[in-house]
Amino acid sequence: MVTGDGVVRGFLLIIARDLRLALRQRADAWLAVLFFVLTAALFPFGVGPEPNLLARIAPGIIWVVALLAVLLSLERLFLADYEDGSLEQLLLSPLPLELAVLAKVLAHWLTTGLPLIAAAPLLAVLFHMDFAGLGVLLLAMLLGTPTLSLVGAVGAALTLGARRGGVLIPLLVLPLYVPALIFGVGATDAALLGLAARPHLLLLGAVLLVMLVVTPLAGAAALRQALE
Amino acid sequence: MADFEGRSLRCRRGGRDVFAGLSFALPPGGALLLTGPNGSGKSSLLRLMAGLLRPADGELLWEDRPIDEAPEAHAARLHYLGHLDAVKPVLSVAENLRFWADLRGGGESVDAALEAFALTELAAVPGRLLSAGQRRRLALARLVAAPAELWLLDEPSVGLDHASVGRLAAAIAEHRAGGGRVVVATHTALDLGDPQRLSLDALPPPPLPEMVW
């Protein structure tokens, strides 16, 4: 039988393994951050270098590009483990699959979401965003990017067995990213206009809590299906 | 009864029966050898036993309790070795093995497991540089690195050289001497001592579907 101690240890082992794998394959982690910065840097060329306009649309650009960067990294969340048989072994480990999914998502956020948050101030400067909004932007990203990883994990798990699953993920996941996008941008906009950002942040937190419950259950069910 | 038992199992894949009415009973220390031509359902049966697949009919019992009553407890008592080796290309041989052993609470016998399959010299080599046979040996070392009561081995000797097949036979013999059970599907000669045999092509053919015009 699995003890509580064993479950916590197994959970941490999976996170440590995925972090080590990410560290050995650094190109994957850099890809998301570089995509984030470079794509955002295209906007001044597209809409013109007018500082007021750029400052006004900065929160929206940063969020949309962050969302796309996370999307870019989703396919590798389960695919490598699926193809080399590790997923089968994870399913047959004493650790409940739900917790294994949560551990993998957490590792994904640490290697994708967290670097995006670290790079966000750079973009805020680039867009002349008012520094009054920077704190709220980072706080909103801290609450919102884990949601992006959690929602995306369900999509990645559902498309595992499918041919060209990588193309299906965006179709499945993008509509579900809308709540996080609305509240994330709303919080930063509110702070820039001197309004209360708190309600938006609370809603972002609520979405995160819901997904913390839904993703392990739905993700594990989808993985079991894929391995049948 | 302390058997690992299957009762009138039926397996359906892709809308047709792979086998039906299959039963077996495996006591502690027993070995079960699955034989039959390609496509006769040996791998499907092993996946049923592991709980990766569910039977369309019939039940699987571990010491008189259905295995799907507590899937995690069943997973904890078995090692499943499928066609894939679960070796990460960027981790070393020792790191690969240590992760799976630690996840099962083994851990301390990693060195002994490397020794058992002659992998000690390769311990620091990354997985991507291993040959197919060496990867297979690393997958087999998982069996020894963390104890489990039931081994489910699907073509375990594929790609192995003569000496390694001998090491595998020795590991299985030791496992059985300690009261462990093993189910093996194989086409090659592998010395299992005195296994029970289950031939999957000798099963009664599934009834033909009735034609309705």
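Residues numbered from 1 in each chain as written. Chains lettered and ligands numbered in written order. Predicted model: local features only at pLDDT ≥ 70, side-chain atom pairs only at ≥ 80, totals over all residues.

Enquirer: What am I meant to see in the overall build of chain B here?
Expert: From N to C terminus, chain B includes six helices and nine strands. On C-alpha atoms alone, chain B measures out to a radius of gyration of 18 Å, which is about the 17 Å that the 2.2 N^0.38 rule sets for 213 residues. Taken along its principal axes, the extent of the C-alpha atoms in chain B is 65 × 35 × 30 Å. Taken across its 213 residues, chain B has 42% of its residues classed as buried. Across chain B, every contact between residues at least 6 apart in sequence was considered, and the portion connecting residues at least 24 apart equals 73%. (Helix = DSSP H or I, 4+ residues; strand = E, 2+ residues; numbered from the N terminus. Rg over C-alpha atoms; globule rule 2.2 N^0.38 Å. Buried ≥ 20, exposed ≤ 12 C-beta atoms within 10 Å, placed from the backbone. Contact = placed C-beta atoms within 7 Å.)

Enquirer: What is the right way to read the overall build of chain A from this model?
Expert: For chain A, the count of helices and strands is 11 helices and zero strands. Secondary structure of chain A in N-to-C order comes out as α-α-α-α-α-α-α-α-α-α-α. Per-residue burial for chain A yields a buried fraction of 45% across its 228 residues. Taking all contacts inside chain A whose residues are at least 6 apart in sequence as the whole, residues at least 24 apart take part in 81%.

Enquirer: Mind showing me how you'd approach the confidence of the model for chain B here?
Expert: When pLDDT is averaged along chain B, the result is 88, and 93% of the positions lie at 70 or above. Listed scores for the predicted complex are pTM 0.90 and ipTM 0.87. (pLDDT = per-residue confidence, 0-100.)

Enquirer: It is not clear to me how the sheet that holds strand β6 (residues 78-81) of chain B should be interpreted in this structure. Could you clarify?
Expert: Backbone hydrogen bonds are what pair the strands of a sheet, in a parallel or an antiparallel way. Residue and element names in this part refer to chain B. Spatially, β6-β7-β8-β3-β9 is the arrangement adopted by the five strands of the open sheet, whose pairing is parallel. Pairing within the sheet leaves two strands with one partner each, and these edge strands are β6 and β9 (196-199). When strand polarity is set aside, the average angle formed by the axes of neighbouring strands in this sheet is 15 degrees. Pairing analysis gives four bridges linking β6 to strand β7 (residues 150-154), with the strands arranged parallel. (Pairing = 2+ DSSP bridges. Axes fitted to C-alpha atoms, helices over the stretch in contact; angles between N-to-C directions.)

Enquirer: Help me understand the confidence of the model for chain A, please; the structure alone is not making it clear to me.
Expert: Detailed conclusions should not be drawn from predicted coordinates in areas where pLDDT is low. When the pLDDT values of chain A are averaged, the result is 92; 99% of them are 70 or greater. The secondary-structure element of chain A with the lowest mean pLDDT is helix α9 (residues 165-173) of chain A, recorded at 87, while helix α6 (residues 97-111) of chain A shows the highest, at 96.

Enquirer: For this particular structure, what's the right way to read the pairing of strand β4 (residues 57-62) of chain B?
Expert: For a regular strand, side chains alternate in direction, first toward one face of the sheet and then toward the other. Residue and element names in this part refer to chain B. Strand direction decides the pairing type here: strand β1 (residues 4-13) and β4, joined by five bridges, are antiparallel. Bridge pairing in β4 links R10 to D57. Judged from the two bridges that link them, β4 and strand β5 (residues 65-66) form a sheet pairing that is antiparallel. Within β5, the position partnered with L61 by the bridge is P66.

Enquirer: I'm lost on the packing of α6 of chain A against helix α8 (residues 134-158) of chain A in this one. Help?
Expert: Two measures define how a pair of helices packs: the angle their axes make with one another and the distance between the axes. All names here are of chain A. Between α6 and α8, whose axes approach to 9 Å, the crossing angle comes to 135 degrees. Looking at the two axes, α6 sits oblique to α8. Both α6 and α8 take part in a crossing whose hand is right-handed. Contact residues: V101, V105, H108 and W109 in α6; T145, P146, S149, L150 and A153 in α8. Of the residues assigned to the contact of α6 with α8, the class counts are six nonpolar, three polar and no charged. (Parallel < 35°, antiparallel > 145°, perpendicular 65-115°, else oblique. Left-handed = near helix turned anticlockwise from the far one by under 90°. Nonpolar A, V, L, I, M, F, W, Y, C, P; charged D, E, K, R; others polar.)

Enquirer: Before we go on, may I ask you to explain the environment of L92 of chain A in this structure?
Expert: Within the secondary structure, L92 of chain A is located in the loop between α5 (86-91) and α6. The class of L92 of chain A is buried, set by 24 C-beta atoms lying within 10 Å.

Enquirer: Mind showing me how you'd approach the interface of chain A and chain B here?
Expert: Put simply, an interface is often sized by how much accessible area is lost when its parts join up. With 22 residues of chain A at the contact, the number on the chain B side is 22 residues. Secondary structure elements with two or more residues in the side of chain A that touches chain B: α1 (4-24) and α5 of chain A. Top contributing element to the side of chain A that touches chain B by residue count: α1 of chain A, with six residues. Among the residues making up the side of chain A that touches chain B, the classes are represented as 10 nonpolar, seven polar and five charged.

Enquirer: Is there a simple way to explain the sheet that holds β4 of chain B in this structure?
Expert: Residue and element names in this part refer to chain B. Read from one edge to the other, the open sheet built from four strands follows the order β2-β1-β4-β5, with strand pairing classed as antiparallel. Each edge of the sheet is formed by a strand with only one pairing partner; in this case those strands are β2 (16-26) and β5. Note that β1 and β2 share seven bridges and pair antiparallel. Each bridged residue has a counterpart across the sheet, and for E5 the counterpart in β2 is A25. Against the sheet, helix α1 (residues 42-50) touches β1, β2 and β4, its axis set at about 125 degrees to β1.

Enquirer: Explain the nonpolar core to me, please; I cannot follow it from the model alone.
Expert: For soluble globular proteins, nonpolar side chains are generally found buried alongside one another. Core analysis: the biggest nonpolar cluster contains 130 residues, and I62 and A66 of chain A together with L97, A141 and L152 of chain B have the highest contact counts within it. At 13 residues, α8 of chain A tops the list of elements feeding residues into this core. Those residues in contact with I62 of chain A, other than ones at most four positions away along the chain, are A40, A120, L123 and L137 of chain A. (Core = buried A, V, L, I, M, F, W, Y, C linked by C-beta atoms within 7 Å.)

Enquirer: What's the story with helix α10 (residues 178-192) of chain A in this structure? I'm lost.
Expert: Along an α-helix, residues three or four apart share an orientation, since each turn contains 3.6 residues. Residues and elements named next belong to chain A. In this model α10 runs 21 Å from its N-terminal to its C-terminal C-alpha over 15 residues, within 8% of the 21 Å that 1.5 Å per residue would give. If you check which residues of α10 are buried, you get A180, F183, G184, V185, G186, A187, T188, A190, A191 and L192. Residues of α10 that are buried sit in contact with α3 (51-73), α8 and α11 (198-227). One or two residues past the end of α10 sits G194, with phi positive at roughly 80 degrees. (Expected span 1.5 Å × (residues − 1).)

Enquirer: Explain α8 of chain A here, please?
Expert: Residues and elements named next belong to chain A. Taking 1.5 Å per residue, 25 residues should reach 36 Å; α8 reaches 36 Å between its end C-alpha atoms and fits that length. Remark: the principal bend of α8, roughly 30 degrees, maps to L142, with a proline, P146, within the next four residues. Within α8, 20 of the 25 residues are buried, leaving the element largely enclosed by the surrounding structure. (Bend = angle between axes of the 7 residues up to and from the residue.)

Enquirer: So what exactly am I meant to see when it comes to the packing of α8 of chain A against α11 of chain A here?
Expert: All names here are of chain A. It is at 8 Å that the axes of α8 and α11 come closest, and there the two elements cross at 20 degrees. As far as their axial angle goes, α11 and α8 are roughly parallel. Of the two elements, α8 crosses α11, and the hand of that crossing is left-handed.

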